[in-house]
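Chains, contacts and geometry: an overview
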Amino acid sequence: MSGKSARTSADRRNAGRRRASNPVKRRVKRALSWVAFILLSAFLLGSVYFGVLLYRADQTIQSIYEITARSVSKPTVFASSDGVRLAEFRTAYQEPAKLEEIPKHLQNATIAAEDRRFWQHSGVDPVAMVRAGWSMLRGGSLQGGSTLAQQLAKRLFTTQERTIGRKLQDMALAIQLERRLTKQEILRLYLNQVYYGGGAYGVKAAADIYFDKPLNQLTLGECALLARLPRRPSTENPFVSKEAALRNRDVVLDLMREQGLIEADEAEAAKQEKPRFASKRPSLVSRWQAPYAVSEAMRELRGVMDPEQLYAGGYRVELTINMKMQSAAEAALADALRQYRRRGVSEGASMVMDTNGRTLVMIGGSSFGRSQFNTITQGHRQPGSSFKPLMYAVGFELGILGPEERVSDSKKSYPTGVPGRFYTPSNADGRYMGSITVRTALRLSRNCAAVYANSLIGPRRAADEITARFGFRSKIEPVLSLPLGASAVRPIEMVEAFSTFATGGTRVRPYLVERVLTPEGVTVHRGSAQMWRGVISVTTAQAMDSILRDAVTRGTGSGARSVEGARGKTGTTSDHRDAWFIGYAGNHIGVVWVGNPLYLENEKRWVYRPMPGIYGGTVPVTVWARMMNAVIRIAGSPDRPEPESESRRDMVVVSVCEETGQVATKYCPSTVRRSFVAGTQPTSACPVHVGEDEPVVTVDEPAVRSGVEPPVQEVQPPGLGRGEVTIWICAESGKPANAYCPEAIPRRFPKDRVPPGLCDLHGPGRPR
């Protein structure tokens with residue numbers, strides 16, 4: 001009983017153990033099945049994925065011609081509007097070579113160092129892949145294992161990222177490359193594409209950069225040194241670490257000896273070589289024409305496209321610069337600097353823009369090699385009296401001033417806000433003309449009159465209005481000396497400001513880049529000017545246009561008379577550190593600045609020294625006239641376009657009653673001459689100051705466009721004795737004024753003492 005029970009218990013225990021072990025086996029089998037399924041699925045998915053990669057690679061590599069085209073990096077070209085190549089540059093130095101031009105030692109050294117089974121595999125080396133995988137498992141990163149075909153694929157078609165996905169892409173592309181190209185073609189493309197450091201792509205460029213010699217003169221040691229550079233081109237090239245470069249050379253020589261590519265004595269002899277490295281790297285930038293314009297165009301493009309995309313090469317950047325005009329302007333400035341250097345004129349800058357905003361000329365300095373600082377776009381200099389037209393134009397817009405309004409050109413002191421301190425402006429010639437018209441004040445550039453006019457407007461209001469209307473980004477200081485150029489501004493801002501006078505009230509901001517084309521010829525950027533219409537009225541623009549014409553024909557800008565239809569204004573700072581001329585003719589607006597900068601090495605700063613005897617009406621206006629005559633001649637037309645909003649019309653000057661604003665009669669107690677756009681002038685006689693049978697006196701002859709002011713009629717205000725008359729006298733000659741006199745003032749004379757004749761100082765064909 002007991003024995004039988006014992007056997008039964010043992011059987012039950014064994015059965016239990018068997019039942020307990022069966023689930024474990026089942027779980028193990030199930031797990032193994034899942035692993036096998038996953039591995040099989042992964043293999044199948046991987047195969048499908050790699051098949052897709054192969055298909056895409058085949059589509060990517062269309063033909064050997066496309067591959068060859070990709071293998072040569074073309075420079076990015078900057079060209080002028082008239083087709084002149086201004087500059088070309090690239091981030092890499094690359095000169096392709098034929099395989100027969102490349103030394104056999106360099107070919108063998110490259111294969112020994114980078115892909116020893118190059119002649120056996122079909123684009124992918126399984127042994128190298130295993131080595132790379134083992135490296136990944138140990139260090140967590142994917143390294144090495146790339147064949148020459150894979151490296152070429154990465155260079156031509158993919159990126160530099162180190163991921164498994166990118167590695168698989170390279171493998172697929174390498175296989176397709178091997179299918180389409182011979183081994184020799186792959187080797188040639190690789191040797192022309194690989195980066196050797198120092199900006200050199202390809203062995204020909206590397207030989208030039210590092211050894212300053214052609215390929216056929218490279219020694220065995222030099223070939224071995226170059227072959228190892230692609231591994232760490234930026235840190236182990238001879239310019240960075242000569243020692244590392246020589247160690248790598250010896251490693252390659254040993255590899256070549258081990259693989260039977262050279263004999264042991266050849267390797268040892270090559271190791272003993274003392275290579276002579278080039279002392280200077282060749283420039284990657286060609287000699288530039290219009291260099292300040294090219295440099296400014298690069299800055300302009302940073303805001304619209306990725307610089308790396310542009311600098312990769314192959315793009316064409318077309319500028320608005322006209323090289324014929326640019327060359328003429330450069331010659332004009334260079335000649336003036338040579339002529340006046342002994343008088344302190346050592347630097348200059350100039351610019352021309354048309355009324356559509358195209359920058360036709362840009363000269364930022366006398367020598368781009370010496371200084372890349374562009375005075376036109378980067379320099380902040382005081383503009384002197386060339387700022388006066390902007391202040392007067394604001395006065396016209398606000399109704400405070402007019403061309404024929406009178407201002408005081410007398411010595412006057414103004415409170416500064418500091419107790420006991422006053423500001424007392426003076427005129428450059430030390431003379432004072434008393435009460436004169438705005439036209440005369442601006443034509444003759446009278447400082448005291450300008451400060452007085454600014455006091456009528458209010459410096460704060462004038463500064464705000466000038467900034468808003470004329471588009472200054474530089475800070476305009478609200479001071480009484482504002483019209484004398486107290487605020488430093490950039491020359492390019494002055495060109496923009498004066499565009500309002502040339503266009504009838506539209507402010508035009510210049511641009512430099514006309515368009516950018518990709519290597520495939522697709523336009524990816526097109527430039528255009530920004531325009532603000534109606535920043536000043538047509539009436540104000542035309543009134544200022546006539547005064548600026550006067551400034552050229554009979555004022556401080558007379559040096560520009562040779563330019564047909566020129567208008568402009570001189571500018572000289574009180575200490576003669578800056579001299580300007582800015583103006584326009586036809587549809588071209590130009591500025592010229594000269595100065596005398598000196599760099600203080602100890603203080604690390606620039607100072608501007610005086611130029612005694614140099615004014616805006618001397619050197620700058622001479623350069624401007626020569627430059628603008630050339631520009632107009634090359635452009636072929638001196639005409640300006642009419643404003644779109646309102647056709648350009650003549651101006652008329654009318655004597656009006658100050659009280660009523662209507663056409664003055666001889667009984668009006670106070671009259672003033674005012675300018676009007678033709679057709680808008682008053683035509684009715686003053687209804688308040690009238691007498692019996694008195695004819696209406698009107699003056700409506702065109703004045704501005706012809707540059708001739710109408711004659712001023714003799715008037716006799718009430719209260720004068722029957723024996724006296726009032727005669728308008730020329731302020732310059734003291735004789736009765738004629739139609740050509742620039743300034744006339746009323747004076748009372750006894751009838752029997754009226755000065756005989758008319759002014760003989762002013763007349764047709766004579767300077768006004």
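Our subject in this report is the structure included herewith. This is a predicted model, so every value here is computed, not measured.

**Focus: the overall build of the protein**
Per the secondary structure count, the protein includes 22 helices and 24 strands. A total of 768 residues make up the protein; the buried ones form 50% of that total. Summing over all exposed atoms, the protein offers an accessible surface of approximately 36,300 Å²; the carbon and sulfur share of this is 51%.

**Observations concerning helix α20 (residues 491–502)**
Since the α-helix advances by 3.6 residues per turn, residues separated by three or four positions end up pointing in the same direction. If you check α20, its first and last C-alpha atoms are 17 Å apart, about what 12 residues at 1.5 Å a residue would give, namely 16 Å. The buried count for α20 comes to 12 of 12 residues, which makes it a mostly enclosed element. Buried residues of α20: Pro491, Ile492, Glu493, Met494, Val495, Glu496, Ala497, Phe498, Ser499, Thr500, Phe501 and Ala502, and no others. The positive-phi residue at the C-terminal boundary of α20 is Gly504, with phi of around 80°.

**What to know about helix α18 (residues 447–457)**
Most of α18 is tucked away, with 8 of its 11 residues classed as buried. Looking one or two residues beyond α18, the residue adopting positive phi is Gly458, at roughly 105°.

**Notes on the side chain of Thr572**
Relative to the helices and strands, Thr572 is located in strand β16 (residues 567–572). A polar contact of 2.7 Å, which involves the side chain of Thr572, links it to the backbone nitrogen of Gly616. Setting aside chain neighbours within four positions, we find Thr572 in contact with Pro383, Gly384, Ser385, Asp578, Ala579, Ile614, Tyr615 and Gly616.

**A closer look at the packing of aromatic side chains**
Scanning the entire structure with this criterion turns up 12 aromatic pairs. With 5.7 Å between their ring centres and 35° between their planes, Trp288 and Phe368 make a pair best called tilted. Of the two residues, Trp288 sits in the loop between α11 (264–271) and α12 (291–302) while Phe368 sits in the loop between β7 (359–363) and α15 (375–378), which places them 80 residues apart along the sequence. Above the ring of Tyr608, the side-chain terminus of Arg381 is found at 3.6 Å from the ring centroid.

**Here we look at the sheet that holds strand β13 (residues 513–517)**
Strand order in the open sheet made by the 5 strands is β2-β1-β5-β13-β14, with mixed pairing throughout. Only two strands of the sheet have a single neighbouring strand rather than two, namely β2 (85–89) and β14 (523–526). If you compare each strand with its neighbour and ignore which way they point, the axes differ by 15° on average.

**Some thoughts on the pattern of salt bridges**
This structure, assessed with the given rule, holds 33 salt bridges. For Asp250, the salt bridge identified is with Arg249, shortest N-O distance 3.0 Å. The partner of Glu397 in a salt bridge is Arg469, with the nearest N and O atoms 3.3 Å apart. Of this pair, Glu397 sits in helix α16 (residues 388–397) while Arg469 sits in helix α19 (residues 459–470); the two residues are 72 residues apart in sequence, bridging distant segments of the chain. Sharing partners across several salt bridges, the network here consists of Asp254, Arg257, Glu268 and Lys271.

What counts and what doesn't
- The written sequence of each chain sets the order in which its residues are numbered from 1.
- Local features are withheld for residues below a pLDDT of 70 in this predicted model, meaning they are given only at 70 or higher, and side-chain atom pairs are given and counted only at 80 or more; totals for whole chains, interfaces and linings count all residues.
- Water and hydrogen atoms play no part in the side-chain values, which are based on all heavy atoms of the structure.
- A run of DSSP states H or I qualifies as a helix once it reaches four residues; a run of E qualifies as a strand once it reaches two. Both are numbered from the N-terminal end.
- Exposure is judged per residue with a 1.4 Å probe applied to protein chains only, and the accessible area is read against the type maximum: over 50% gives exposed, under 20% gives buried, and values in between give partly exposed.
- Accessible areas in this description were obtained via Shrake-Rupley with a 1.4 Å probe; residue shielding takes into account the shown protein chains only.
- Helix span, expected: 1.5 Å multiplied by one less than the number of residues in the helix.
- Here a polar contact means two N or O atoms within 3.5 Å. Within protein one must be a hydrogen donor candidate and the other an acceptor candidate, and residues neighboring in sequence count only if both atoms are side-chain atoms.
- Every residue pair with non-hydrogen atoms within 4.5 Å of one another is taken to be in contact.
- Working definition: a ring pair exists when centres of Phe, Tyr or Trp rings (six-membered ring for Trp) sit within 6.5 Å. Plane angles under 30 degrees give stacked, over 60 give edge-to-face, the rest tilted.
- Comment: the charge-over-ring label is applied if NZ (Lys) or CZ (Arg) is within 6 Å of the ring centre and within 35 degrees of the ring normal.
- For two strands to be treated as a pair, DSSP must find no fewer than two bridges joining them.
- Convention adopted: a line fitted to C-alpha atoms gives each axis, helices being fitted over their contacting stretch, and angles between N-to-C directions are expressed from 0 to 180 degrees.
- Definition used for salt bridges: Asp or Glu carboxyl oxygen within 4 Å of a side-chain nitrogen of Lys or Arg.

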